[in-house]
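# Structural description and commentary
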Amino acid sequence: MDILQAAASASTSSGLGLNCTCAQVRDVFSGEIGRRETSCRLRWSHPHSGTSTAGREQRFASKKRWQKSAGRIVVNSIKKDADEVQKVEEKEKEKGGRSFLTFLCPLLKLLGSGDPAAPRNVFLETTTSGIASLARLPWGSKVNAEVVAERGETGQPPQLLQLYEFEACPFCRRVREALTELDLSAEVYPCPKGSLKHREFVKRNGGQEQFPYLIDPNTGASMFESSEIVSYLFKQYGGGRKPSPGLLESTLVTGWVPTILRAGRGMMLYTKASSDTPSQKLELYSYENNQFARLVRETL
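Predicted model, so just to flag it, every value in this text is computed and none were measured. (Residues numbered from 1 in each chain as written. Predicted model: local features only at pLDDT ≥ 70, side-chain atom pairs only at ≥ 80, totals over all residues. Heavy atoms only, no water.)

## Looking at the pairing of strand β5 (residues 161–165)
Of all 5 residues making up β5, 5 are buried, and the element is well covered by its neighbours. Side chains L161, L163 and E165 of β5 all project onto a buried face; the interleaved residues Q162 and Y164 project onto the opposite face, where all are buried too. For β5 and strand β6 (residues 186–190), the ladder comprises 5 bridges, and the chain directions are parallel. By the bridge assignment for β6, E165 is matched with P190. Where β5 and strand β7 (residues 213–216) come together, 3 bridges link them in antiparallel fashion. Directly across from Q162, in β7, lies its bridge partner I215. (Buried < 20%, exposed > 50% of the residue type's maximum accessible area, 1.4 Å probe, protein only. Helix = DSSP H or I, 4+ residues; strand = E, 2+ residues; numbered from the N terminus. Pairing = 2+ DSSP bridges.)

Structural data, given as structure tokens:
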């Protein structure tokens, strides 16, 4: 017997009228489906006298916990919201991924050692980057036209989003894939290992040296954790949608492929890189999963 049936039964058998309509009961429980477990306590009033009958209460619950209330039905969610549970799970997975990245970085540094400015085998470079792109299909390859149409003709937020990341990080890649799908422009600040300027800013502004790190000057929001960033972007600029199916989950499976195939390029600062920054920001027009754009981003 569900709670609505139990409430109707209690009202009929007791001769007392619930001080809410059936429609209101349905409204209360309309969102309490799926993995949630709910409980409530019903207090009713005599239909003739209009006075509440203290002590004449009936409990309907899927568990023993319930929330006390007078004159209304209150739903007390016993299980955490499914979205919150998912966020916790994502954080734990991301922590595990970072641990693996910490182990992988020295190995990739060894494999990718040498002067990155030296001539390279063009065929090998484009082939490995192309295979990396195939591994990440369909994410980061096309724009969600429906989202763009909903945002109107301007399409872009008034102020550019600011993303601090580095190319070889699979979790940073996850965020760039979301930016591609949502057709969002952003100021990207490369933060490879050894970089001082941008990494120092992240540590000072965010309290820790972790990537990716997003700042949205349009809302004042700033955050770490790629899963939270992706969810935020879709909610704020994707019409309240949830991230596309597989975008978050696939990172832990194939998100490492570009990093490994490309031998960690884009992970370390070039030792001969100039400390002088250009007087104006460079502008790069590309999309995340383009095999040739990847080669450019590694250089940046």
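Don't stop here, the text continues.
## Here's the deal with the packing of aromatic side chains
Summed over the entire model, instances satisfying the criterion amount to 6 aromatic pairs. Each ring, one from Y164 and one from Y213, has its centre 6.2 Å from the other, and the planes form 50 degrees; the classification is tilted. With Y164 in strand β5 and Y213 in strand β7, this pair connects stretches of sequence that are 49 residues apart. Residue classification places Y164 among the buried residues on the basis of a relative accessible area of 4%. The buried category is assigned to Y213, whose relative accessible area is 1%. Relative to F211, the ring of F166 lies with its centre 6.3 Å away and its plane at 80 degrees, an arrangement referred to as edge-to-face. Here F166 is found in the loop between β5 and α6 (170–182), whereas its partner F211 is found in the loop between α7 (197–206) and β7, with 45 residues between them in sequence. Neither F166 nor F211 differs from the other in exposure class; each is buried. Through pairs of rings, three or more aromatic residues link up here, namely Y164, Y189, F201, Y213 and F224. (Phe/Tyr/Trp six-rings, centres within 6.5 Å; stacked < 30°, edge-to-face > 60°.)

## Observations concerning the pairing of β7
The alternating pattern of β7 places Y213 and I215 on one face and L214 and D216 on the opposite face, and all of these are buried. Pairing analysis gives 3 bridges linking β7 to strand β8 (residues 221–223), with the strands arranged antiparallel. Looking across to β8, one finds that L214 is bridged to M223. Linkage of β7 to β8, two consecutive antiparallel strands, is achieved through a turn of 4 residues, within which G220 is found at a positive phi near 85 degrees.

## Concerning a nonpolar patch on the surface
A surface patch of nonpolar side chains, amounting to about 380 Å² of accessible area, comprises L282, L284, V296 and L300. You can see L284 is positioned in the loop between α10 (257–261) and α11 (291–299). For L284, a relative accessible area of 44% corresponds to the partly exposed category. (Patch = residues over 30% accessible without salt bridge, like charges linked within 9 Å, V, L, I, M, F, W, Y side chains within 5 Å. Areas by Shrake-Rupley, 256 points an atom, 1.4 Å probe, with all protein chains shown as cover. Salt bridge = Lys/Arg side-chain N within 4 Å of Asp/Glu carboxyl O.)

## Section: the pattern of salt bridges
Using the criterion set out here, one finds 13 salt bridges in the structure. R265 serves as the salt-bridge partner of E125, at 3.4 Å between the closest nitrogen and oxygen. With E125 in helix α4 (residues 122–136) and R265 in the loop between α10 and α11, this pair connects stretches of sequence that are 140 residues apart. Residue class for R265 comes out partly exposed when judged on its relative accessible area of 26%.

## Observations regarding the confidence of the model for the protein chain
Of all residues in the protein chain, 60% attain a pLDDT of 70 or more, and the chain-wide mean is 74. Confidence drops under pLDDT 50 across residues 1–20; counting only partners more than four residues distant or on other chains, this segment forms 37 contacts. Long-range and interchain partners of residues 28–82, a stretch whose pLDDT sits below 50, account for 107 contacts in this model, where long-range means more than four residues apart. (pLDDT = per-residue confidence, 0-100. Contact = heavy atoms within 4.5 Å.)

## Re the sheet that holds β8
With respect to topology, 4 strands assemble into an open sheet ordered β6-β5-β7-β8, the strand pairing being mixed. Strands at the two margins of the open sheet, each flanked by one partner only, are β6 and β8. Ignoring strand direction, the axes of neighbouring strands in this sheet form an average angle of 10 degrees. Packed onto the sheet, α6 meets β5 and β6 and runs at close to 155 degrees relative to β5. Packing of helix α8 (residues 226–237) onto the sheet brings it into contact with β5, β7 and β8, and relative to β7 it is tilted by some 25 degrees. (Axes fitted to C-alpha atoms, helices over the stretch in contact; angles between N-to-C directions.)

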